[in-house]
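What follows is each chain in one-letter form.
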Amino acid sequence: EAPGSEQELTDGFHLVIDALKLNGINTIYNVPGIPITDLGRMAQAAGIRVISFRHEQNAGYAAAIAGYLTKKPGICLTVSAPGFLNGLTALAHATTNCYPMILISGSSEREIVDLQQGDYEEMDQLAIAKPLCKAAYRVLHAQDIGIGLARAIRAAVSGRPGGVYLDLPAKLFGQVMNADAGQKSLVKVIDAAPAQIPSPASVRRALDVLKGAKRPLIILGKGAAYAQADEEIKTFVEKSGVPFLPMSMAKGLLPDNHPQCAGAARSTVLKDSDVVMLIGARLNWLLSHGKGKSWGDAPKKFIQVDIEPKEMDSNIEIVAPVVGDIGSVVSAFVSAMGAGWTAPPSDWTKAVATKREENVAKMAPKLMNNKSPMDYHGALGVLKNVIKDRPDAILVNEGANTLDLARGVIDMYKPRKRLDVGTWGVMGIGMGQAIAAALETGNPVLAVEGDSAFGFSGMEVETICRYNLPVCVVIFNNDGIYRGTDVNNANADPATTVFVKGARYDKMMEAFGGVGVNATSPDELKRAVNEAMDSRRPTLINAVIDPAAGSESGRIGNLNPQSVLQKK
Ligand code: OXT
Ligand code: ADP
Ligand code: MG
């Protein structure tokens, strides 16, 4: 038939693909199977990158971090019930962390599911997804695919970003409609995340409070990194002269070696500051809810910049709430500050600098030891220099000691280069994040993983090899969770926190054609990591760490409930 004739047809498969492409979505993270195998094939044929994982949770974590890195919703595509549930953890994680993501799952026949007659992979997925995401939609008719995807995109990226569920029943894909009408039904979303301009009064109020401070502090969170207002934030912070404390994933927004950086004086600035301005950081557990011992006794005033009005006063009183997107707010701050802004009292900025230098000097010798087996500091001293030499490389980091110590030791120099466990402290983000970071940015990735943490997504080393990605995984192998030294005296089973001693994770990478290295000293580690980062070949380095080197739960051991009957 001639193109454009009224008999020309399209179907659900093609409308989903056309709708994604129309909205600039060029990557899908998925695990194939009934009913979405052909959708993946056709998407690939249509020029979308379709990345197939070994488990949906890892595809989901990849999509979530792709959303964080790009400000476009990351797409995870799964099969029904079990595949959907495997992806759901990542969807909830995206929502918790304010990352834009869309989980698209195929689903079974509505008529059978609703009567609970036992369909293939039967589950009421929409109902189950709802409490775990920002929004959930189902499309039943091919002509609604365009609107369905438009709603999903807007819900994911506007306001506070988060996870969205889109339910596509198997029957939808085969539905046929006129091709012309199909094209007309698609929606290109205009201005999906509109600027949210702060009210001038809120800007003035915030600056008045900041101006009145004797010991001010700015806390930058991952919302500030997400906003991609890097220049505006730098201008504001530098013009203010106020010390700044980066939350974990905000490290590098301004470089960690910036003269105003208070990252190495954390306890001091939390305790002694009198005015705290939060920019894209919540007063959740990571900031002790804004109260208690870590915040000291002196009265404090909080200013908060956030796109989500409900975040204000969530834990303590916010005397100057500023609701808006961070780019707009920070620009408004800079204009309203004018030319005559005076820097904070120098006794305060000097006190912060002195504390920082003390802590840095205390750590320096630990980073230079050449012990074998390695301790955390000896190994991390090497990795610190790897990132210093390659500030564009992306650092992925999970574990307990492996996470907490790497966060402190490895300085970051550029925005959005540090990706980690986020708000939930979740293990398993490692390989998904590494894969998405490599694909979305083209930069080499260094994934620093506890041996336990790695286990949650380790099978994806095959995916890394299959797509030949520039990912170097370094496993801090201390034979277990926190430590490899626990002993069970009750029976023949190993203690609950220990793994096979002397395991060789490097062999896993070799099994799929990548480079495997067993490194027993900082020198060996250094050589292997530098080679991997320069060659861009998929590499896994098994870094042998003293099993006794770690501590229970890293830096957050205080969160473990204690039994009154049994002393540790
Ligand atoms: O100012 P002071 O003097 O206090 O000093 C601070 C800084 O100023 C200073 N500092 C520096 N000094 C010198 N130089 C530099 N450059 C510098 N920078 C900073 O250092 C100190 C400390 O600074 P920091 O770190 O900023 O401050 P602090 O006090 O630690 O900050 C508090 C927090 C809360 C903000 C921070 O600690 C934080 O962000 N923590 C995140 C913790 C987290 O999320 N942990 C992960 C979860 S733990 C646990 O749950 C695990 N599980 C269970 C599990 C999970 N999570 N998920 C799932 C799906 N299932 C189960 C498991 C299974 S961990 C885990 C596996 C662990 O085993 P692995 O083998 O993987 O790992 P290993 O432990 O290595 O064996
Ligand atoms: P961290 O873990 O680094 O402390 P959180 O995830 O707790 O950071 O906080 C991020 C905050 O940033 C959230 O409250 C979210 O609403 C906010 N946020 C995200 N994007 C923007 C944006 N573009 N403008 C303003 N606030 C934002
Ligand atoms: Mg370990």
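Rules and cut-offs
Residues numbered from 1 in each chain as written. Chains lettered and ligands numbered in written order. Predicted model: local features only at pLDDT ≥ 70, side-chain atom pairs only at ≥ 80, totals over all residues. Heavy atoms only, no water. Donors = N, O, S within 2.8 Å, 3.2 Å for Na, K, Ca; no water. Helix = DSSP H or I, 4+ residues; strand = E, 2+ residues; numbered from the N terminus. Buried < 20%, exposed > 50% of the residue type's maximum accessible area, 1.4 Å probe, protein only. Phe/Tyr/Trp six-rings, centres within 6.5 Å; stacked < 30°, edge-to-face > 60°. Lys NZ or Arg CZ within 6 Å of the ring centre and 35° of its normal. Salt bridge = Lys/Arg side-chain N within 4 Å of Asp/Glu carboxyl O. Pairing = 2+ DSSP bridges. Axes fitted to C-alpha atoms, helices over the stretch in contact; angles between N-to-C directions. Contact = heavy atoms within 4.5 Å. 1 Å grid on protein atoms, 1.4 Å probe; cavity = no way out; pocket = protein on both sides within 12 Å on 5 of 7 lines; lining within 4 Å. Points joined across faces, edges and corners; volume = space filled by probe spheres on them. Nonpolar A, V, L, I, M, F, W, Y, C, P; charged D, E, K, R; others polar.

Visitor: Give a description of the coordination of the magnesium ion (ligand 3) that names residues and reports values.
Guide: For the magnesium ion (ligand 3), the full set of protein donor atoms is D451 (OD), N478 (OD1) and G480 (O), at a range of 2.1 Å. Counting gaps between the donor residues of the magnesium ion (ligand 3) yields the pattern D-x26-N-x1-G. Note that D451 is positioned in helix α19 (residues 451–455) and G480 in the loop between β17 (471–477) and α21 (506–511), a separation of 29 residues in sequence. Under the relative-accessibility criterion, D451 is labelled buried at 3%.

Visitor: Let's hear about the packing of aromatic side chains: which residues, and what values?
Guide: Tallied over the entire structure, the rule returns nine aromatic pairs. One aromatic cluster is present, built from ring pairs that chain together Y68, Y99 and Y226. Its guanidinium or amino end placed over the ring of Y226, K71 lies 5.7 Å from that ring's centre, counting from NZ or CZ.

Visitor: Pulling in residues and values, what's your account of the pattern of salt bridges?
Guide: Applying the stated criterion across every chain yields a total of 23 salt bridges. Taking the shortest distance from any N to any O, the salt bridge between D230 and R416 comes out at 2.8 Å. With D230 in helix α12 (residues 230–240) and R416 in the loop between α17 (401–409) and β15 (418–420), this residue pair connects regions lying 186 residues apart in the sequence. Accessibility assignment for this pair places D230 and R416 in one class, buried. As a salt-bridge pair, E308 and K310 come within 3.5 Å of each other at their nearest N and O atoms.

Visitor: Could you give me a rundown of the sheet that holds strand β3 (residues 49–52), with the residues and numbers involved?
Guide: In space, the six strands of this open sheet follow the order β3-β2-β4-β5-β7-β6, with parallel pairing throughout. Of all the strands in the sheet, the pair left with one neighbour each is β3 and β6 (135–138). Taking the axes of each pair of neighbouring strands and ignoring which way they run, one obtains an average angle of 20 degrees across the sheet. Helix-sheet contacts for helix α7 (residues 145–157) involve β5 (101–107), β6 and β7 (163–169), and the interaxial angle to β7 is about 165 degrees. The strands touched by helix α18 (residues 430–441) are β2 (27–30) and β3; relative to β2, the strand with the most contacts, the crossing angle is about 165 degrees.

Visitor: Describe the layout of surface pockets, listing the residues and the values that go with them.
Guide: The calculated volume of the second largest pocket comes to roughly 280 Å³. Considering the residues around the second largest pocket, the lining is formed by 16 residues, among which L367, M368, G381, V382 and N385 are closest to the centre. At the level of elements, α16 (376–389) and α22 (522–535) are the ones that each hand at least two residues to the lining of the second largest pocket. Split by residue class, the lining of the second largest pocket holds six nonpolar, six polar and four charged.

Scope: geometric values only; no functional claims are made or implied.
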